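One letter stands for each residue in the lines below.
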Amino acid sequence: MSLVIRDITKRFGGLVAVDGVNLEVQRGEIFSVIGPNGAGKTSLFNVLTGVYRPDCGTITWEGRRISRLAPESIARRGVARTFQNIRLFGAMTVFENVLVAQHSHASYSYLDAMFRTRRFHRQEHRIARKVMDLLDYFGFAEKAEELARNLPYGDQRRLEIARALALEPRLLLLDEPAAGMNPKETDVLRDFIRTIRDDFSLTILLIEHHMNMVMSLSDRVAVLDYGRKIAEGQPAEIRRNPAVIEAYLGASAIGAVTTDA
Amino acid sequence: MNRASVQSFLYPLLTLASVGLLWIFPDTTILLVPVLGILFAGTLIRLHRWSRWSSMAFVLLIGIPVAGLENSFLFELFIQIGIYAALALGLNIVVGMAGLLDLGYAAFFAIGAYTWAIFGSPQANQFIEGGHFPLPGWPYFYLFMALAVITAALVGVLIGLPALRLRGDYLAIVTLGLGEVVRVLANNLDHPVNITNGPKGISPVERPPVDWILAITDRLGLTLQTNHAVALFFYGLVLVVMLAIVLINRRLDRSRFGRAWVAIREDEIAARSMGIPLLRTKVLAFATGAAFSGVMGAIFSAKQLFVSPESFTLLQSITILAMVILGGMGSIQGALLGAAAVTLLNIEVLKSLSEGLNHLRQTGFVLDLGFIKYNFANLSSQLEPAKYERMIFGLIMVLMMIFRPAGLIPETRHKLELEARRKGKAS
C-alpha cells in the first residue's frame, strides 16, 4: 500500500467535514474520490496535504506518517496537488510559476545566491532546464514569459498541473481538474491524465464531478457523503451501488435508476 | 539606425546637458532633479550597454561630486537619498516582494545607528570600565558597519520568529508595536544602566578619518577643505553601499529565495504546497530587509554625529513605506525612484516652492490674466508649502492609488533572463 488513510476525521466546530474515512491507494493507481457538493472531498485533500490538521486518524505515505506535518514537508515527500479554485502565482510568469516548485530541488544557500557561486549557476541551470522541458511537454514553451494571470482559463488549469509536476511528485492530487471544461476538453484531459501517470510514474488521487471521466479513467472509486465513505470499488460496481445513487439523486430516484439500468 | 541606437546616442548628450546645467549653476540645488530624472530614465529605456553605463558612471562619479564640491548641500541631498534608497530597498523585500506589511521598519535603522553610536562615542564608558571609548573611526567604524548588519539581521530574526506567524493586519499591528518598543527602549535605557543616554541622545559620534582623501587630492593638486572631504567621503560611502545593496537585491530577486518571497506574497497555501518553507522564507525576507537598514543606520549615525530616538519614529517607518508604495511594490527601480522622489519633495522641492512664494509675496507681484487678478502681497503668510508637507504627501498618495495603484515603476518579472538561459548563458 502506497497511501494509507486511517480513520481520518476533521471537524469545523459542529460540522464534521470528514468523518472517519479509511482509504488505501496502490502505487500507480488512478483513484477517484466522488460525492455530492459539500461531501468533504476537498477537506480530505486539505488534510492529506497538511493544509488542515486532522482531529484524529493517521495518514501514511510510502510507509511514513505524514499526518500533522506542515504542507511544505508533505510536498517535499513527493505529494503534489492542484486546487479546485485555481491558485497560481498570478504576478509571476509561467516559467517562474513552474520554477517555484523546484525550490526544494535546489540546495544552494542564500550566500551562494548573493555571491553567484558556481553552485548557484550549476543548480539554477539544472532546474531551469528541467522546467523548460516540462513546459515543452505541456506545450507552454511559447507562453513561458507570459504572466500566469493573463493565461486563458484552460491554460491556467493545465499550468497548475505542470507546476505540481515540477515538484517531481510520486503522488499527485487533482482537485476537479475538469471543472468548467466542455465534454471535448474533458476527453482530452482524461487522456492527458493517463499519459502523465505513465510518463511520470505517478499515483493519482482525483476529485471530479464529470462522471464519464471518473468512470472511464479510474481504477477504483470511493464515494463520500456527509464526510463519510459510503462506497468503494471499481467504477462498474460504484455505478450500480444503490447507496451511491441515493446520495446523488435522493432516495426516491432509486427505483427509477435501477429499472432504467 | 534603429531606435535603441538613436536613444543610445542621445542619452549621453542629455546626461551631459543636465550635468552641465548643474555645473554652471551649482547653487541652484533643484537642478539635481533633472540629473536624477535622466539617471532613472536610463534604467528604463532601451539603451546600448556602453551608453547606459558610461552615462551613469559619469553622473555618479564625476557629475555630482564636481558640483557637490561647489555646493555641499548637493552631497547632503544625495546622501539622504542614498540612505533612504537603501531603506526603501530593504523594506521593498519585506513588503513589496514577500508581501509582509511591516510598520516598524525604522527599528532596524535605529539598531544599526545605535550599534555604532554607543561604541563610537564616549557613551560606552558609562557601562564598560576602562575608558576605551570612543573607539577610533579607523578601523572600527568599518567593523561596526558589518556588526550593524549582523545585529539588525539577528534582531530581525528574533522579532520575525514570533511576529511572522501572524498575517496581514495582525502582522502590521505587531510590527508597529515592536518598532515602537525599540524606540521606547532607546528613550528609556538611560537608567539603571545608561546605555542609550535616553532622549538626550548620543553625541558626538566618531567618524572614520578622511585624511587619505585629502592626501589624494593634494597629490592631484587640489586643495580641499576638511568638511568638503567629509561630505565627499560620505557621498562615496553611501553610493558604494547603495549600489552593493541594489546588486544583492537583484541577485536575491533572481534566485530561488526571491521567487519564494513573491510566491508567498501571491498565494501562501499554494507556495507551501510547492515545498516552500513558510516561516523560514518569511524570516529570511525580514532579516534581509533589516540588514540593509542596519548598515545604513551605522552610516547615518557617523554622518549625523548625533543619534537620538527622535529619528526613529513611526512616521519614519511610514515615510519609507510611502517610498516603496509610490515607487512600485516589488520593483527595485521603483524603490529607488520612490526614495529619491520623496526625499527631494520633502527637503528640496517644497522648500523651494515656499521660498518662491515668499519672494512673490515680498515683491508684491501681481498676477494679471485678464479674468483673474491677484496680488501676491495679499497672500497669507500661512500658505507655506513646506508646512504642508504631510498634506501634499497624502494627496500624492491618494492620487497614486487612484491612477497608478501599482506604483510609478510597477514590478516586472524578468523576461530577458529566460532568453539568456536558453542561449546557455547565465545572467
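Criteria and thresholds
Residues numbered from 1 in each chain as written. Chains lettered and ligands numbered in written order. Predicted model: local features only at pLDDT ≥ 70, side-chain atom pairs only at ≥ 80, totals over all residues. Heavy atoms only, no water. Helix = DSSP H or I, 4+ residues; strand = E, 2+ residues; numbered from the N terminus. Rg over C-alpha atoms; globule rule 2.2 N^0.38 Å. Buried < 20%, exposed > 50% of the residue type's maximum accessible area, 1.4 Å probe, protein only. Contact = heavy atoms within 4.5 Å. Domains from an automatic or database assignment. Buried area = accessible area lost by both parts, 1.4 Å probe. Core = buried A, V, L, I, M, F, W, Y, C linked by side-chain atoms within 4.5 Å. Salt bridge = Lys/Arg side-chain N within 4 Å of Asp/Glu carboxyl O. Polar contact = N/O pair within 3.5 Å; in protein donor to acceptor, adjacent residues only side chain to side chain. Pairing = 2+ DSSP bridges. Axes fitted to C-alpha atoms, helices over the stretch in contact; angles between N-to-C directions. Phe/Tyr/Trp six-rings, centres within 6.5 Å; stacked < 30°, edge-to-face > 60°. Lys NZ or Arg CZ within 6 Å of the ring centre and 35° of its normal. Expected span 1.5 Å × (residues − 1).

1. Notes on the overall build of chain B
Part 1 of the reasoning: In terms of helices and strands, chain B carries 16 helices and two strands.
Part 2 of the reasoning: By the compact-globule yardstick of 22 Å for 427 residues, chain B fits well, its C-alpha radius of gyration being 23 Å.
Part 3 of the reasoning: When each of the 427 residues of chain B is scored for burial, the buried share is 52%.
Part 4 of the reasoning: Considering only intrachain contacts with a sequence separation of at least 6, the fraction spanning at least 24 residues in chain B is 74%.

2. Quick notes on the overall build of chain A
Part 1 of the reasoning: Helix and strand content of chain A: 11 helices and 10 strands.
Part 2 of the reasoning: Over its C-alpha trace chain A gives a radius of gyration of 20 Å, about what one expects of a compact globule, namely 18 Å for 261 residues.
Part 3 of the reasoning: For chain A, the spread of C-alpha atoms along the three principal axes comes to 70 × 40 × 30 Å.
Part 4 of the reasoning: Classification of the 261 residues of chain A by burial places 54% in the buried group.
Part 5 of the reasoning: In chain A, the share of contacts with a sequence separation of at least 24, taken over all contacts with a separation of at least 6, comes to 65%.

3. Some details on the domain arrangement of chain A
Residues and elements named next belong to chain A.
Part 1 of the reasoning: In terms of domain boundaries, chain A breaks down into domain 1 (1-78 + 169-261) and domain 2 (89-167).
Part 2 of the reasoning: Computed from C-alpha coordinates alone, the two centres of domain 1 and domain 2 are separated by 28 Å.
Part 3 of the reasoning: Residue-level contacts link 18 residues of domain 1 with 11 residues of domain 2.
Part 4 of the reasoning: Summing both sides of the interface, domain 1 and domain 2 together bury roughly 1,200 Å²; the carbon and sulfur share of this comes to 75%.

4. Some details on the nonpolar core
Part 1 of the reasoning: Judged by nonpolar contacts, the single largest core of 177 residues is most densely connected at A:Leu135, A:Leu159, A:Leu172, A:Ile193, A:Ile204, B:Met296 and B:Ile299.
Part 2 of the reasoning: Element by element, the count of residues in this core is highest for helix α4 (residues 72-97) of chain B, at 18 residues.
Part 3 of the reasoning: There are two domains that each give this core at least three residues, and those are domain 1 (1-78 + 169-261) and domain 2 (89-167) of chain A.
Part 4 of the reasoning: Contact partners of B:Ile299, with chain neighbours within four places excluded, come to B:Phe141, B:Met145, B:Phe234, B:Leu237, B:Val238 and B:Val241.

5. Focus on the interface of chain B and chain A
Part 1 of the reasoning: Every contact between the two is made by 37 residues of chain B and, on the other side, 44 residues of chain A.
Part 2 of the reasoning: Interface of chain B and chain A: buried area, both sides summed, is about 3,700 Å²; carbon and sulfur atoms make up 61% of it.
Part 3 of the reasoning: At the junction of chain B and chain A, the tally comes to three salt bridges.
Part 4 of the reasoning: Taking the shortest distance from any N to any O, the salt bridge between A:Glu72 and B:Arg272 comes out at 2.6 Å.
Part 5 of the reasoning: Linking chain B with chain A are 13 residue pairs in polar contact (both at pLDDT 80 or more), by the criterion used here.
Part 6 of the reasoning: Among the secondary structure elements, those contributing two or more residues to the side of chain B that touches chain A are α9 (226-253), α10 (256-266), α11 (268-273), α12 (278-304) and α16 (416-422) of chain B.

6. A short note on the sheet that holds strand β7 (residues 171-175) of chain A
Residues and elements named next belong to chain A.
Part 1 of the reasoning: Across the sheet, which stays open at both edges, the six strands sit in the order β6-β7-β8-β3-β9-β10 with mixed pairing between neighbours. Here the strands that pair on one side only, and so sit at the sheet edges, are β6 (79-81) and β10 (228-233). Taking each pair of neighbouring strands and ignoring which way they run, the sheet shows an average axis angle of 20 degrees.
Part 2 of the reasoning: Here strand β9 (residues 220-225) pairs with β10 via five bridges, running antiparallel. Counted as the bridge partner of Val 221 is Gly 233 from β10.
Part 3 of the reasoning: Where helix α6 (residues 153-166) meets the sheet, it contacts β6 and β7, and its direction lies at approximately 160 degrees from that of β7.
Part 4 of the reasoning: On the sheet, helix α10 (residues 242-249) packs against β3 (30-34), β9 and β10 and is oriented at approximately 130 degrees with respect to β10.

7. Examining the environment of B:Leu21
Part 1 of the reasoning: With respect to the secondary-structure elements, B:Leu21 resides in helix α1 (residues 3-24).
Part 2 of the reasoning: For the pair B:Leu21 and B:Leu32, spaced 11 residues apart in the sequence, the C-alpha separation amounts to 9.3 Å.

8. Overview of the sheet that holds strand β2 (residues 15-25) of chain A
All names here are of chain A.
Part 1 of the reasoning: Judged by pairing direction, the sheet is antiparallel, and its four strands sit side by side in the order β2-β1-β4-β5 without closing on themselves. Here the strands that pair on one side only, and so sit at the sheet edges, are β2 and β5 (64-65).
Part 2 of the reasoning: In this structure, strand β1 (residues 3-12) lies alongside strand β4 (residues 56-61), joined through five bridges in antiparallel fashion. Residue Ile 5 lies in a different strand from β4, and its bridge partner there is Ile 59.
Part 3 of the reasoning: In the packing of helix α1 (residues 41-48) onto the sheet, the strands contacted are β1, β2 and β4, and the crossing angle to β1 comes to about 115 degrees.

9. Here's the deal with the packing of aromatic side chains
Each pair of aromatic rings is reported with the distance of its centres and the angle of its planes.
Part 1 of the reasoning: Here the structure, examined in full by the defined rule, presents 29 aromatic pairs over all chains.
Part 2 of the reasoning: With 5.6 Å between their ring centres and 75 degrees between their planes, B:Phe109 and B:Phe312 make a pair best called edge-to-face. With a gap of 203 residues between them, B:Phe109 in helix α5 (residues 106-119) and B:Phe312 in the loop between α12 and α13 (314-327) connect regions that are remote in the sequence.
Part 3 of the reasoning: Assessed through its relative accessible area of 2%, B:Phe109 is described here as buried.
Part 4 of the reasoning: Connected via pairs of aromatic rings, a cluster forms that spans B:Trp116, B:Phe119, B:Phe127, B:Phe133, B:Trp138, B:Phe141, B:Tyr142 and B:Phe144.
Part 5 of the reasoning: For the cation-ring pair, A:Arg87 lies above A:Phe83, with the distance from its terminal atom to the ring centre recorded as 5.5 Å.
Part 6 of the reasoning: The cationic tip of A:Arg163 hangs over the ring face of A:Phe89; the distance from NZ or CZ to the ring centre is 4.7 Å.

10. Thoughts on the pattern of salt bridges
Residues and elements named next belong to chain A.
Part 1 of the reasoning: Applying the stated criterion across every chain yields a total of 25 salt bridges over all chains.
Part 2 of the reasoning: Linking Glu 168 and Lys 130 is a salt bridge whose minimum nitrogen-to-oxygen distance equals 2.5 Å. With a gap of 38 residues between them, Glu 168 in the loop between α6 and β7 and Lys 130 in helix α5 (residues 118-138) connect regions that are remote in the sequence.
Part 3 of the reasoning: Through salt bridges with shared partners, a single network forms among Glu 29, Arg 220, Lys 229 and Glu 232.

11. What to know about α6(A)
Part 1 of the reasoning: End to end, α6(A) covers 20 Å across 14 residues, agreeing with the expected 20 Å (1.5 Å per residue, within 8%).
Part 2 of the reasoning: Most of α6(A) is tucked away: 11 of the 14 residues are buried.
Part 3 of the reasoning: Tucked inside the fold, the buried residues of α6(A) contact β6, α3 (94-100), α5, β7 and α7 (183-199) of chain A together with α11 of chain B.
Part 4 of the reasoning: In the segment just after α6(A), A:Glu168 is the residue with positive phi, at about 55 degrees.

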